[in-house]
Amino acid sequence: MEKVLKTEKLSVGYKKNIIVDDINISIEKGKIICLAGSNGSGKSTLLRTLAGIQKPLGGRIFVGDKDITAYSELEKASKISLLLTDRVEPELMTGYDIVASGRYPYTGRLGILADNDRKIINDIMELIGITEIGNRYFSEMSDGQKQRFMLARALCQEPDILIMDEPMTFLDIKYKKELADIIVKLKKEKNLTMIMSLHELELIRSLADTVICIKAGAVDKVGNPDEILNDEYIDYLFDII
């Protein structure tokens, strides 16, 4: 299988404070990878580092066959897209405007959309199921609708890898189910590689091909979630007494 991302002795953290050390992982194309671990274990820091928006404190990250540092910012944006939980509240932007802004790696500084850009935007909005509300102001949407538009924006970058940090945050059960269905659809129809952190263990079991468990500043276990996430290990991983 084609490897789209791997790390060698990667250390992540802030300033000189290492949070997770000696990370050696290899991720295949079209797979869904979920990070599991307690709050503060370093999941978000690792995702931001893999996305190239935070510098590693040691080791290397390879995207495809190149070190991530060899890519320009625009090249990196066409390889990896990042969906964060940060709430975005732009003024006077429609949902369509939000999605269209994901074409920035291809439109240049002026942001002028070509016919091909518009086709990609429309196709992705249809895939995500948001075409009918594309003209609504983003600020007037529900959290679930906003998350769909932000996901569509990330997909408009046409990345090889989509990284999502707690994408289910702020969503009720209905929208969690809809987003989970979209993630499965993206895997089947786009063969997209997705790396995400999730709190919901049942979603990890149902979505992930591989779970990466982080504890005590290290990758503790990597493998099939059904095999790893038994009751005994969950108690250990989350320090449940």
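Structure shown above.
Residues numbered from 1 in each chain as written. Predicted model: local features only at pLDDT ≥ 70, side-chain atom pairs only at ≥ 80, totals over all residues. Heavy atoms only, no water.

Peer 1: What's the story with the pairing of strand β9 (residues 193–197) in this structure? I'm lost.
Peer 2: A regular strand carries its side chains on alternate faces of the sheet. Burial analysis of β9 places five of its five residues in the buried class, the great majority of the element. The alternating pattern of β9 places T193, I195 and S197 on one face and M194 and M196 on the opposite face, and all of these are buried. Across four bridges, the pairing between strand β4 (residues 32–36) and β9 is parallel. Directly across from I33, in β9, lies its bridge partner I195. (Buried < 20%, exposed > 50% of the residue type's maximum accessible area, 1.4 Å probe, protein only. Helix = DSSP H or I, 4+ residues; strand = E, 2+ residues; numbered from the N terminus. Pairing = 2+ DSSP bridges.)

Peer 1: Which parts of the structure should I look at to understand the pattern of salt bridges?
Peer 2: Pairing is possible between side chains of opposite charge, provided their charged atoms come close. Overall, the coordinates contain 16 salt bridges when judged by the stated rule. Salt-bridge contacts for D67 lead to R60; the nearest nitrogen and oxygen are separated by 2.9 Å. Given the relative accessible area of 14%, D67 is considered buried. With a relative accessible area of 41%, R60 lands in the partly exposed category. Two residues, K174 and E178, come together in a salt bridge whose shortest N-O distance is 2.9 Å. Of this pair, K174 and E178 both sit in helix α7 (residues 173–190), separated by four residues, roughly a single helical turn. Where salt bridges share partners, they join R103, D117 and E158 into one cluster. (Salt bridge = Lys/Arg side-chain N within 4 Å of Asp/Glu carboxyl O.)

Peer 1: Would you explain helix α1 (residues 43–50) in this entry?
Peer 2: One turn of an α-helix holds 3.6 residues; hence residues three or four places apart share an orientation. Across the eight residues that make up α1, a large majority, six, are buried. Listed in full, the buried residues belonging to α1 are K43, T45, L46, L47, T49 and L50. Positive phi appears at G52, one or two residues downstream of α1, with a value of about 85°.

Peer 1: It is not clear to me how the pairing of β4 should be interpreted in this structure. Could you clarify?
Peer 2: Where burial is concerned, most of β4 is hidden: five out of the five residues are buried. Side chains of β4 alternate between two faces, with I32, C34 and A36 and I33 and L35 buried alike. Looking at chain direction, β4 and strand β10 (residues 210–215) are connected through four bridges and run parallel. Pairing of L35 across the sheet is with I212, part of β10.

As far as function goes, none of this settles anything; it's purely spatial.
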